[in-house]
Amino acid sequence: MPVEAIDVLASLEILAADQWGVITAKQAEREGISRLWLSRLVKREYLTRARRGVYLLPSFSSDSQSDLKVAWISLVPEKFLDERWQQSNKLVVSHESAAEVHGIGDLISQQFTFSAEERKQSSQADIRIYTHRLLPDSDVVNVDGLPVTSVERTVLDLAEQKIEFNYLARYVVEALEKQGVGFVAFRRRLNAVASSYGFKSGSELIDSALAEAGATEDLEDAVLRGNAASDVLAALAESHREYLQKRPEKCACSGI
């Protein structure tokens, strides 16, 4: 390889070091590397064209989320990964794609699914973007550099799409098995979608999901303990509210 080509390739590797060895033509152009050079490197098989304007460098290592990462990079090709994270309007992996990242459920989507706060379109047939979605920071987690909706938010999003209950049941049960997913908070969030499936509460939805998905006894026991603990906390909170309501007002004149 000519020395100049080696230098260009080395520069591209540095630029793509924090984004899985993926580079776009627009990112390269920002750093003074022309599309002509990219074409030359592709022709010499030092670069691989993954999508229109998106290339894989020799350092690229394929994994189960490689195609998703390339799709995400392609949607805002002029910005680098760290710049994308700093944006207030992040393009976040969500719905079926987020479930796949978290390893929950068994729905197979033919598209990569993302969410954005503002209007965002893509001409790529294998990409779907849900727009006008406000996602607080607490609902977005970093998974190997990708912004992904949290496990709880992912299940809620899929429930809001009114997927069949047998699929939702699997998502709910497998979400409960994930470390860091709190039962009480998760149950509370499912209250918002319970009526869509004919249940009075998130608790009823979870109970039916456990039965539908054939959950293990250990998980059922954990859920029962979570129910019991949350009932105790609710009773204590109610008792405290009643105490505050009945407590005599302090007398300002006596200084008490």
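Residues numbered from 1 in each chain as written. Predicted model: local features only at pLDDT ≥ 70, side-chain atom pairs only at ≥ 80, totals over all residues. Heavy atoms only, no water.

1. Topic: the sheet that holds strand β2 (residues 48-51)
Point 1. Spatially, β1-β3-β2 is the arrangement adopted by the three strands of the open sheet, whose pairing is antiparallel. Each edge of the open sheet carries a strand with a single partner, namely β1 (22-24) and β2. If you compare each strand with its neighbour and ignore which way they point, the axes differ by 40 degrees on average.
Point 2. Alignment of β2 against strand β3 (residues 54-56), held across three bridges, turns out to be antiparallel. Bridging across to β3, R49 finds its partner in Y55. (Pairing = 2+ DSSP bridges. Helix = DSSP H or I, 4+ residues; strand = E, 2+ residues; numbered from the N terminus. Axes fitted to C-alpha atoms, helices over the stretch in contact; angles between N-to-C directions.)

2. Some points on helix α6 (residues 95-102)
Point 1. Of all eight residues that make up α6, seven are buried, and the element is covered over most of its length.
Point 2. Immediately downstream of α6, the backbone of G103 shows phi near 75 degrees, a positive value. (Buried < 20%, exposed > 50% of the residue type's maximum accessible area, 1.4 Å probe, protein only.)

3. Side note on the nonpolar core
Point 1. Ranked by internal contacts, the top residues of the largest apolar core, which has 29 residues, are V155, L168, V172 and L205.
Point 2. The greatest single-element share of this core, amounting to eight residues, is contributed by helix α8 (residues 165-176). (Core = buried A, V, L, I, M, F, W, Y, C linked by side-chain atoms within 4.5 Å.)

4. So, the packing of aromatic side chains
Point 1. Inspection of the entire model under this criterion finds three aromatic pairs.
Point 2. Consider the rings of W20 and W72, whose centres lie 6.1 Å apart with planes at 65 degrees: the pair is edge-to-face. One end of the pair, W20, is in the loop between α1 (3-15) and β1; the other, W72, is in helix α4 (residues 66-75), and 52 residues separate them in sequence.
Point 3. Taking relative accessible area as the criterion, W20 reaches 16% and is therefore assigned buried.
Point 4. When the ring of F165 is compared with that of F199, the centres are 5.4 Å apart and the planes differ by 50 degrees; the resulting orientation is tilted. Here F165, found in helix α8, pairs with F199, found in the loop between α9 (183-194) and α10 (202-213); they are 34 residues apart in sequence, far enough to count as distant. The same class applies to F165 as to F199, namely buried.
Point 5. Over the aromatic face of W37 sits the side chain of R40, whose NZ or CZ is 4.9 Å from the ring centroid.
Point 6. Between the NZ or CZ atom of R84 and the centre of the ring of W72, over which it lies, the distance is 3.7 Å. (Phe/Tyr/Trp six-rings, centres within 6.5 Å; stacked < 30°, edge-to-face > 60°. Lys NZ or Arg CZ within 6 Å of the ring centre and 35° of its normal.)

5. Describing the side chain of H95
Point 1. Relative to the helices and strands, H95 resides in helix α6.
Point 2. One polar contact links H95 to S94, side chain to side chain, over a distance of 2.8 Å.
Point 3. Aside from chain neighbours lying at most four places away, what touches H95 is T113, S115, Y130, R133, T149, T154, D157, L158 and Q161. (Polar contact = N/O pair within 3.5 Å; in protein donor to acceptor, adjacent residues only side chain to side chain. Contact = heavy atoms within 4.5 Å.)

6. Brief notes about unusual backbone geometry
Point 1. Positive phi outside glycine occurs at W20, with the angle close to 65 degrees.
Point 2. A positive phi angle, near 50 degrees, is found at H95, a position not held by glycine.

7. Thoughts on α10
Point 1. Relative to the 16 Å expected for 12 residues at 1.5 Å per residue, α10 spans 16 Å between its end C-alpha atoms, a close match to the ideal helical length.
Point 2. Positioned one or two residues after α10, G214 has a phi angle of 65 degrees, which is positive. (Expected span 1.5 Å × (residues − 1).)

8. A few points about the layout of surface pockets
Point 1. For the largest pocket, the calculated volume is near 370 Å³.
Point 2. Lining the largest pocket are 16 residues, and of these R52, G53, S74, P77 and Q124 sit closest to its centre.
Point 3. Elements represented by at least two residues in the lining of the largest pocket include exactly α2 (25-30) and α4.
Point 4. Here the lining of the largest pocket is built from residues that sort into four nonpolar, seven polar and five charged. (1 Å grid on protein atoms, 1.4 Å probe; cavity = no way out; pocket = protein on both sides within 12 Å on 5 of 7 lines; lining within 4 Å. Points joined across faces, edges and corners; volume = space filled by probe spheres on them. Nonpolar A, V, L, I, M, F, W, Y, C, P; charged D, E, K, R; others polar.)

9. Some thoughts on the pattern of salt bridges
Point 1. For the structure shown, the criterion picks out 10 salt bridges.
Point 2. Put simply, R35 and E29 hold a salt bridge, and the shortest N to O gap is 3.1 Å.
Point 3. As a salt-bridge pair, K69 and D144 come within 2.5 Å of each other at their nearest N and O atoms. Taken together, the residues K69 in helix α4 and D144 in the loop between β7 (140-143) and β8 (146-149) connect sequence positions 75 residues apart.
Point 4. Here K69 falls in the buried class, since its relative accessible area comes to 4%.
Point 5. When its relative accessible area of 48% is taken as the criterion, D144 is described as partly exposed.
Point 6. A network of salt bridges, in which partner residues are shared, links R133, D139, R153, D157 and R189. (Salt bridge = Lys/Arg side-chain N within 4 Å of Asp/Glu carboxyl O.)

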